[in-house]
Amino acid sequence: MERDEHILIISHDIVGEQMAGPGIRYFHLARVLGREFPVTLAVPEGSAISGDFSTIVYGSGNDDQLERAIGNARVVMVPAVHVIQIPALWNAQSPIVIDGYDPFVVETLYLGGDVSALQRVLTKAYLLGDFFICASERQRDWWLGLLEAYGRINLYTFGEDPSLRKLVDVVPFGLPAEPPRATRPVIKGIWPGIGPEDKVVLWGGGLWPWLDPLTAIRAVARVWQQRQDVRLVFPGTRHPNPWMSGIPTHNEAARRLAGELGLLNKAVFFGEWVPYEDWPNVLLESDVALTLHPDTLEAHLAFRSRVLDYIWAGLPIIATRGEATSDLVERYRLGIVVDYGDDAGVANAILYLLETPKEAWQAQFESARRDLTWEQVARPLIEFCRHPRRAPDKIALGDRLGNQYYIHLLEIQQKEIIRLRELEQILLRYHRMVPFRVYFWLKRLKNRSKNK
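Everything numeric here is computed off the predicted structure, so don't read it as measured data. (Residues numbered from 1 in each chain as written. Predicted model: local features only at pLDDT ≥ 70, side-chain atom pairs only at ≥ 80, totals over all residues. Heavy atoms only, no water.)

1. Some details on the nonpolar core
Step number 1: One finds Ile9, Leu33, Ile217, Leu232, Val268, Ile311 and Ile318 to be the most contacted residues of the largest nonpolar core, which totals 102 residues.
Step number 2: Beyond its immediate chain neighbours, meaning those up to four positions away, Val268 contacts Ile217, Val220, Leu232, Phe234, Ala258 and Leu263. (Core = buried A, V, L, I, M, F, W, Y, C linked by side-chain atoms within 4.5 Å. Buried < 20%, exposed > 50% of the residue type's maximum accessible area, 1.4 Å probe, protein only. Contact = heavy atoms within 4.5 Å.)

2. Looking at the pairing of strand β1 (residues 7-10)
Step number 1: Burial along β1 is two-sided: the residues Ile7 and Ile9 and Leu8 and Ile10 are all buried.
Step number 2: As judged from the three bridges shared by β1 and strand β4 (residues 75-79), these two strands associate in the parallel manner. Following the sheet pairing, Ile7 is matched in β4 by Val75. (Helix = DSSP H or I, 4+ residues; strand = E, 2+ residues; numbered from the N terminus. Pairing = 2+ DSSP bridges.)

3. Quick word on helix α8 (residues 251-260)
Step number 1: Where α8 is concerned, the buried positions are Asn251, Ala254, Leu257 and Ala258. Seen end-on, α8 carries its buried residues on one side only, within an arc spanning 135 degrees. More than 90 degrees from the buried face of α8, the exposed residues found are Glu252 and Glu260.
Step number 2: Taken from the residues just after α8, Gly262 is the one with a positive phi, measuring 70 degrees. (Arc of directions from axis to C-beta.)

4. A few points about helix α1 (residues 21-33)
Since the α-helix packs 3.6 residues into each turn, any two residues three or four apart lie on the same face.
Step number 1: With 13 residues, α1 should reach 18 Å at 1.5 Å per residue; the first-to-last C-alpha distance of 18 Å fits that figure.
Step number 2: Buried residues dominate α1, accounting for 13 of its 13 residues. (Expected span 1.5 Å × (residues − 1).)

5. A word on the pattern of salt bridges
Step number 1: In the structure shown here, the tally under the stated rule is 22 salt bridges.
Step number 2: In this structure, Arg25 engages Asp99 in a salt bridge whose closest nitrogen and oxygen atoms are separated by 2.9 Å. Residue Arg25 is located in helix α1, and its partner Asp99 is located in strand β5 (residues 96-99); the two are separated by 74 residues in the primary sequence.
Step number 3: The class for Arg25 is buried, based on a relative accessible area of 0%.
Step number 4: Here the salt bridges share partners, and the residues they tie into one network are Arg31, Arg35 and Glu375. (Salt bridge = Lys/Arg side-chain N within 4 Å of Asp/Glu carboxyl O.)

6. A closer look at the sheet that holds strand β9 (residues 230-234)
Step number 1: The six strands lie next to each other as β10-β9-β8-β11-β12-β13, forming an open sheet whose pairing is parallel. Of all the strands in the sheet, the pair left with one neighbour each is β10 (268-270) and β13 (335-338). Strand after strand, the sheet turns through a mean of 20 degrees between neighbouring axes, direction not considered.
Step number 2: Both strand β8 (residues 199-203) and β9 contribute to a ladder of four bridges, which runs parallel. For Val200, the partnering residue across the bridge sits in β9 and is Arg231.
Step number 3: Sheet strands touched by helix α12 (residues 324-332): β12 (317-320) and β13. Its angle to β13, the strand with the most contacts, is close to 130 degrees. (Axes fitted to C-alpha atoms, helices over the stretch in contact; angles between N-to-C directions.)

Okay, structure coming up:
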């Protein structure tokens, strides 16, 4: 079959009017790559998006249209966690880019998932990739450790490039080159209890269990004692992907704390999720932005995509230390970095930033914006797509590639996946779960059956 030389980007998350981080990432990478290459963005059912690229909507990893697109692609980019669910990738001749920006293992620990099952799922991605991308140098160190354990750091990959940048490089989140533009009011004077002159402290994104929204609420309780025009807004308490509705969050605890402090719908407000086209309006109406987390492995590896949105809008940031985007805040002097769980420090930072004119931050934000556009951060991926190649160890070693212990586990895993494919299709029709979550569900079902 003759290839049409397109770049295929496979998203495992919804891309459309309402998007979380993964959908936003793949939309913008498709947009940027589309300036130089024909691009196809494959998205799960429930997505609705248009852009300067083609789209495929797939129902499962066994979708015929998706399989044809993989066979025709110049390069295929896929999230690490999704590889095991797309059998057409396993023997694809196209070079495979594995996206590992999301620390799946540590997030799964927070969600109470089966980490051992997830690690076996990820084995295929570690062995399949020709090029790996992640979101920060911290993540790159993590990935180098993983790939060394799985046998991918060897004479062939080292011989090609002793820096191993041709094996693993950094493609973080970026921001659009064009500045955000206000189109209509969406919070101030619109949400009940928030007036046109009130000061909005924004918590972008969800209240996931690895974050610390409770410190934000306690901080606003302190601020409220000095000024009553401050409004802490959580506009994203419901994940836009309905398949992810069961994810644990701090939603209930946050509402309860705000109520106990007498701040609910007075100084602390909760929404559901902002349509993506309205997100610039939210950013431009806000006065200060927060990104807070406890001291965890997840924080050390994470890259908070919403912080790039704050930078895009020139919104002064209060960030907990110890995470890649808080390093950006410090490096470019874009706000204030605080300690873990320091509600007094956060309160003082809010008061200080509200008293400082936004214009005082303009030069720092302009410098950061120049360096952090999608066009800039995607350069390693663009370069790989210009000169795609299969990894030298895959070519030299073939079936002998990788650590033999993990290869044995993978063979067992693949046989199990093939046996479960037919049942997976039935479940997808009736339960409408994302494919990898269906797999975990089936795995737990099978384990329960064994234990009976």
